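Analysis of the macromolecular model
So you can see what is in the structure, the chains are spelled out below.
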Amino acid sequence: MASLQLYLPFSTGPSLPNFRFRRTPVRSSSERQALFNRIAPVYDNLNDLLSLGQHRIWKRMAVSWSGAKMGDSVLDLCCGSGDIAFLLSEKVEVNGKVIGLDFSKKQLSVASSRQKVKSKACYMNIEWVEGDALDLPFSNGQFDAITMGYGLRNVVDKHKAMQEIFRVLKAGSRVSILDFNKSTNPVTASFQEMMIDNVVVPVASGFGLEEDYKYLRRSIREFLTGQELEKLALDVGFSDARYYEIGGGLMGNLVATR
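Keep in mind the model is a prediction, meaning the values are calculated, not measured. (Residues numbered from 1 in each chain as written. Predicted model: local features only at pLDDT ≥ 70, side-chain atom pairs only at ≥ 80, totals over all residues. Heavy atoms only, no water.)

Along the backbone of the chain there are ten helices and eight strands. Across the 258 residues that make up the chain, the buried fraction comes to 53%. When the accessible area of the chain is evaluated, it comes to approximately 11,200 Å², of which 52% is carbon and sulfur surface. (Helix = DSSP H or I, 4+ residues; strand = E, 2+ residues; numbered from the N terminus. Buried < 20%, exposed > 50% of the residue type's maximum accessible area, 1.4 Å probe, protein only. Areas by Shrake-Rupley, 256 points an atom, 1.4 Å probe, with all protein chains shown as cover.)

Okay, structure coming up:
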């Protein structure tokens, strides 16, 4: 078996022509939705600080595993402030299409603000959608590749989320899911918890978010192991599923083929 996720002010004004925003009904945990709205303004700064920038490497790996290529139509689920969506855009280029979906309006506002100041033409092929990973507003077999970074651990129904991913993904295409690794190695698991308690939470407290980041340890404990994630993917119909531990076993990436 094979990130912790710079402050940019978010805009609440009218959209510019290059920024397309669509809202769909969200049926998710209101508590988790509120959490991600609260941390949105400092989310990127914290990710860089807590991972020493390593999350950018892990996200590039996730995009590479998705198999996204020039001209593809791709989806980034739980897109947050847009890191993976921007990387996907570079892969599919100007003739491709990227949709970034998240249930946090404030995270999407940060993503849209970042999009407006970026210079690459390909970034204008991204559409931001406020929506629910458990009820995707897309057609069957619509996407050539799907990514999900630090999202599956936070959805209230992981089986339903995987079913929805399977439904909107084209046959033969891949989903790449990056998240914290729930290690079965007691040494790695203990080190991970020590880092959360002694590094992540204290640093987050400097931003006034100590209570918000305390949920991390519990969410990882309640998450699935790599083997369980592979089984979940196969159970919903994927033909192949492989899990890779990365980042010294602190992170993991599930790659599943429809």
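From this point, the narrative continues.
A separate point is the pattern of salt bridges. A side chain with one charge may pair with a side chain of the opposite charge, provided their charged atoms come close. Per the stated rule, a full pass over the model turns up 13 salt bridges. Notably, a salt bridge pairs D179 with R153, separated by 2.6 Å at the nearest N-O pair. In this pair, D179 sits in strand 6 (residues 169-180) while R153 sits in the loop between strand 5 (143-149) and helix 6 (158-168), placing the two residues 26 residues apart along the sequence. In this structure D179 comes out as buried when scored by relative accessible area, which is 2%. Between R242 and D240 there is a salt bridge, with its nearest N and O atoms 3.5 Å apart. Of the residues examined, D240 reaches a relative accessible area of 30% and is grouped as partly exposed. Here the salt bridges do not stand alone but share partners, grouping E193, D197, R217 and R221 into one network. (Salt bridge = Lys/Arg side-chain N within 4 Å of Asp/Glu carboxyl O.)

Here we come to the confidence of the model for the chain. Confidence along the chain averages 85 in pLDDT terms, with 82% of residues attaining 70 or more. Overall, residues 1-21 carries pLDDT values under 50, and its contacts beyond four positions in sequence, including any with other chains, amount to 59 contacts. Taken together, the stretch residues 23-28 has pLDDT below 50 and engages in 19 contacts with residues farther than four places along the chain or on a different chain. (pLDDT = per-residue confidence, 0-100. Contact = heavy atoms within 4.5 Å.)

Now for the environment of V255. Turning to its location among the elements, V255 is positioned in strand 8 (residues 251-257). When the C-alpha positions of V255 and Y243 are compared, they lie 6.2 Å apart, and in sequence the two are twelve residues distant. Excluding residues that lie within four positions of it along the chain, V255 makes contacts with W65, R174, V175, D240, A241, R242 and Y244.

L75, I146, L152, M162, I165 and F238 are the most contacted members of the largest nonpolar core, which totals 32 residues. When contributions to this core are tallied by element, the ones reaching two or more residues are strand 2 (73-77), strand 3 (97-102), strand 5, helix 6, strand 6, helix 10 (226-235), strand 7 (240-246) and strand 8. In this view, M162 contacts L152, I177, L232, A233, V236, F238 and L254; residues no more than four positions away in its chain are not counted. (Core = buried A, V, L, I, M, F, W, Y, C linked by side-chain atoms within 4.5 Å.)

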